[in-house]
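# Notes for the structure review
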Amino acid sequence: TSIKFYDNPAVNWRPVPNTNATLVGNTPFMLFIRGSRGINLNGPTIPPNVTVLRAKGNLITGDRTFHVAPNGFTAIPNPYQSPTNFATLTRNNVQNLFYLWDPKLGGTNGVGGYVTVSWNGSSYDITPKPVSPESQYIQPWQSFLVKSTGTAGTLTIKESDKVAIITGNVFRMNGTVTNTSSQQTVRV
């Protein structure tokens, strides 16, 4: 399956058993988008093609608090359709670092790898060096992994953590994006 959720006790991404009955509200998922089924994937070079995903439902507003497991990783979604600043999130027993999937990093299967975004005392360092424009700003549709400081914790993402400027879209090539719900065009 191409859609998975993070299972903390199993320390693994697990398949979603039924997408017809699974609520996606504040649950982070990893979704692998293959693109057109008409393209043969057995060649040495595979041409890219446009894939469009659409979401339905109401926009999420208001502050959101997520529980962080006392050990291992906990997956957290960005609940808003706006980038959020990790530096301003309210962390209670949560380390000041997080892990992001960089879809352009390469990795074992050529589909990406994790980068660590960690506070060095004056700014955030990213290791290994990302290929995508990763930063302390969590993009819309992007989830991330955090760890506690050793005991169960919470991470609160507030409306005030939103940032007004998209610093770089990790999930799409440069171009024009039209938000059909408000007919607003954004350059990325």
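It should be emphasised that the depicted structure is a prediction, and the values quoted were computed from it without experimental measurement. (Residues numbered from 1 in each chain as written. Predicted model: local features only at pLDDT ≥ 70, side-chain atom pairs only at ≥ 80, totals over all residues. Heavy atoms only, no water.)

### Examining the pairing of strand 8 (residues 97-102)
Counting buried residues along strand 8, 5 of its 6 residues qualify, which places the element largely inside the surrounding structure. Here strand 8 runs beside strand 9 (residues 113-119); their pairing, made up of 6 bridges, is antiparallel. Following the sheet pairing, Trp101 is matched in strand 9 by Tyr114. (Buried < 20%, exposed > 50% of the residue type's maximum accessible area, 1.4 Å probe, protein only. Helix = DSSP H or I, 4+ residues; strand = E, 2+ residues; numbered from the N terminus. Pairing = 2+ DSSP bridges.)

### Quick notes on the packing of aromatic side chains
For the coordinates displayed, the defined rule picks out 8 aromatic pairs. Between Phe86 and Phe144, the aromatic rings sit 6.0 Å apart at their centres with planes inclined by 85°, giving edge-to-face as the arrangement. Of the two residues, Phe86 is situated in the loop between strand 6 (84-85) and strand 7 (90-92) and Phe144 in strand 12 (residues 143-147); the sequence distance between them amounts to 58 residues. In this structure Phe144 comes out as buried when scored by relative accessible area, which is 2%. Linked through ring pairs, Phe86, Phe98, Trp119, Tyr124 and Phe144 together constitute an aromatic cluster. Above the face of the Phe73 ring, Lys147 is positioned so that its terminal group lies 4.7 Å from the ring centre. Its end group placed over the ring of Tyr80, Lys162 keeps NZ or CZ at 4.5 Å from the ring centre. (Phe/Tyr/Trp six-rings, centres within 6.5 Å; stacked < 30°, edge-to-face > 60°. Lys NZ or Arg CZ within 6 Å of the ring centre and 35° of its normal.)

### Re the pairing of strand 13 (residues 153-157)
Within strand 13, 5 of the 5 residues are buried, leaving the element largely enclosed by the surrounding structure. Of the two faces of strand 13, the one lined by Gly153, Leu155 and Ile157 and the one lined by Thr154 and Thr156 are each fully buried. As paired strands, strand 4 (residues 64-68) and strand 13 are joined by 5 bridges and run antiparallel to one another. From the neighbouring strand, Thr65 faces strand 13, where its bridge partner is Thr156. Two strands pair when backbone bridges link them, and strand 7 and strand 13 are joined in this way by 3 bridges, in the antiparallel orientation. Each bridged residue has a counterpart across the sheet, and for Thr90 the counterpart in strand 13 is Thr156.

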